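Coordinate inspection notes
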Amino acid sequence: MTDTQTQPLASATAGTFYFLFAHTPYPGNPPAPDINATVVVAETLLHPAAHQPAGRLLHHQLTTGKARRAGEVVPLSTLIHELALGQDSPCPYDWDALVDDLLALSLGDGCDALTLSLGTVDLALVCCGPAVRLVALGPVGQAHQDISGRDAVLDVIAHHIDQAVTQQPFWPGEIPLSALPE
């Protein structure tokens, strides 16, 4: 095989992880609500059309940075939190460009993806890092309410992925061998 050939990647077995990112909403198929989040298999981050080096960095963190369960869905916000990027200094990675590229890949049939219409609270939960505390403020004089359930939202998404991959694993697109980690 030459360096420019592609290779099929692992199926939905141990070691398969999924990357969740939110994006500008676009219309779903009526009467479905707008699509505002997408999930791709981790290897899609290595696609040549995905913004680099941000894609490689997130792929590395997703697949080797922390012990994860097979089939785990990991949001962009979690990976950024784990890497502690952009906290105290300007971040050298263009996350918006990466998200735009992955969205274009998924919309153009350049990879398999699960599209989601997340409600406002669920979207906020996955867009905030795991250490962020969300609070809903009540009317003046009433107590505020802590909003939790991030793990439950991610578990529901993982369940939808499990159902989708029973037929066929997610395809990350055409990935050159040179882009795959050794």
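Please read these numbers as outputs of a predicted model, since none were measured by experiment. Think of each chain on its own: its residues are numbered from 1, step by step along the sequence as written. Totals for whole chains, interfaces and linings use every residue, but because this is a predicted model, local features are given only for residues with pLDDT of at least 70 and side-chain atom pairs only at 80 or more, for both listing and counting. Derived side-chain values reflect all non-hydrogen atoms in the structure, with water molecules and hydrogen atoms excluded from consideration.

1. Thoughts on the packing of helix H1 (residues 54–65) against helix H2 (residues 76–83)
To obtain each axis, a line is fitted to C-alpha atoms, and for helices this fit is confined to the stretch in contact; angles are then taken between N-to-C directions over 0 to 180 degrees. Secondary structure counts use DSSP, requiring at least four H or I residues in a row for a helix and at least two E residues in a row for a strand, with both numbered from the N terminus. Two numbers describe how H1 lies on H2: the axes approach to 10 Å, and their chain directions differ by 85 degrees. Between H1 and H2, the crossing angle belongs to the class labelled roughly perpendicular. Seen from H1, the contacting residues are Leu57, Leu58, Gln61 and Leu62; seen from H2, they are Leu76, Leu79, Glu82 and Leu83. Residue polarity is assigned by list, with Asp, Glu, Lys and Arg as charged and Ala, Val, Leu, Ile, Met, Phe, Trp, Tyr, Cys and Pro as nonpolar; anything else, Gly included, falls into the polar class. Grouping the constituent residues of the contact of H1 with H2 by class yields six nonpolar, one polar and one charged. Any angle between 65 and 115 degrees counts as roughly perpendicular, while under 35 counts as roughly parallel, over 145 as roughly antiparallel, and the rest as oblique. Residues are treated as being in contact if the distance between any of their heavy atoms lies within 4.5 Å.

2. Quick look at the sheet that holds strand S2 (residues 35–41)
Strand order in this open sheet of four strands is S3-S1-S2-S4, and the pairing throughout is mixed. Each end of this open sheet is capped by a strand with a single partner; those strands are strand S3 (73–75) and strand S4 (114–116). In this sheet, adjacent strand axes meet at a mean angle of 35 degrees when their direction is disregarded. Only when DSSP finds a minimum of two bridges between them are two strands counted as paired. In this sheet, S3 lies alongside strand S1 (residues 18–26) in parallel orientation, the contact comprising three bridges. Its bridge partner lying in S3, phenylalanine 19 is registered against valine 74.

3. Some remarks on H2
Relative accessible area decides the class of each residue, using a 1.4 Å probe on protein chains only: under 20% of the type maximum gives buried, over 50% gives exposed, and in between gives partly exposed. Among the residues of H2, those classed as buried are Leu76, Ser77, Thr78, Leu79 and Ile80. Turning to H2, the residues buried within the fold contact S1, H1, S3, helix H3 (95–107), helix H4 (120–127) and helix H5 (150–164). The positive-phi residue at the C-terminal boundary of H2 is alanine 84, with phi of around 55 degrees.

4. Thoughts on the packing of aromatic side chains
Any Phe, Tyr or Trp ring, taking Trp's six-membered ring, that has another such ring centre within 6.5 Å forms a pair; planes under 30 degrees apart are called stacked, those over 60 apart edge-to-face, and the others tilted. For the structure shown, the criterion picks out three aromatic pairs. Plain terms: the ring middles of tyrosine 18 and phenylalanine 170 are 5.4 Å apart, the flat faces sit at 80 degrees to each other, and that makes the pair edge-to-face. Taken together, the positions of tyrosine 18 in strand S1 and phenylalanine 170 in the segment after H5 put the pair 152 residues apart, joining distant regions of the chain. Judged by centre distance (5.5 Å) and plane angle (25 degrees), the rings of tyrosine 93 and tryptophan 95 are stacked. Classification of tyrosine 93 by relative accessible area gives partly exposed; the value is 24%. A residue is classified by how much of its surface remains accessible, and tryptophan 95, at 13% relative accessible area, is buried.

5. A closer look at the pairing of S1
Of the pairings in the sheet, the one linking S1 to S2 comprises six bridges and is antiparallel in character. Note on S2: the bridge partner recorded for phenylalanine 19 is valine 40.

6. Quick notes on unusual backbone geometry
With an omega of 10 degrees, the peptide bond running from glutamine 52 to proline 53 counts as cis. When you line up the elements, proline 53 lands in the loop between S2 and H1. Non-glycine residue aspartate 109 carries a positive phi angle of around 60 degrees. Looking at the element boundaries, aspartate 109 is found in the loop between H3 and S4.

7. Observations regarding the nonpolar core
One finds Phe19, Leu58, Leu62 and Leu102 to be the most contacted residues of the largest nonpolar core, which totals 23 residues. The set of elements that each furnish at least two residues to this core consists of S1, S2, H1, H2 and H3. Top element by residues in this core is H3. It accounts for six residues. For leucine 102, the residues in contact, after removing those within four places along its chain, are Phe19, Phe21, Thr44, Leu45 and Ala50. Nonpolar core, defined: a set of buried Ala, Val, Leu, Ile, Met, Phe, Trp, Tyr and Cys residues in which side-chain atoms within 4.5 Å join the residues together. Ranked by size, the runner-up nonpolar core spans 19 residues in total, among them Leu20, Ala37, Leu116 and Leu134.

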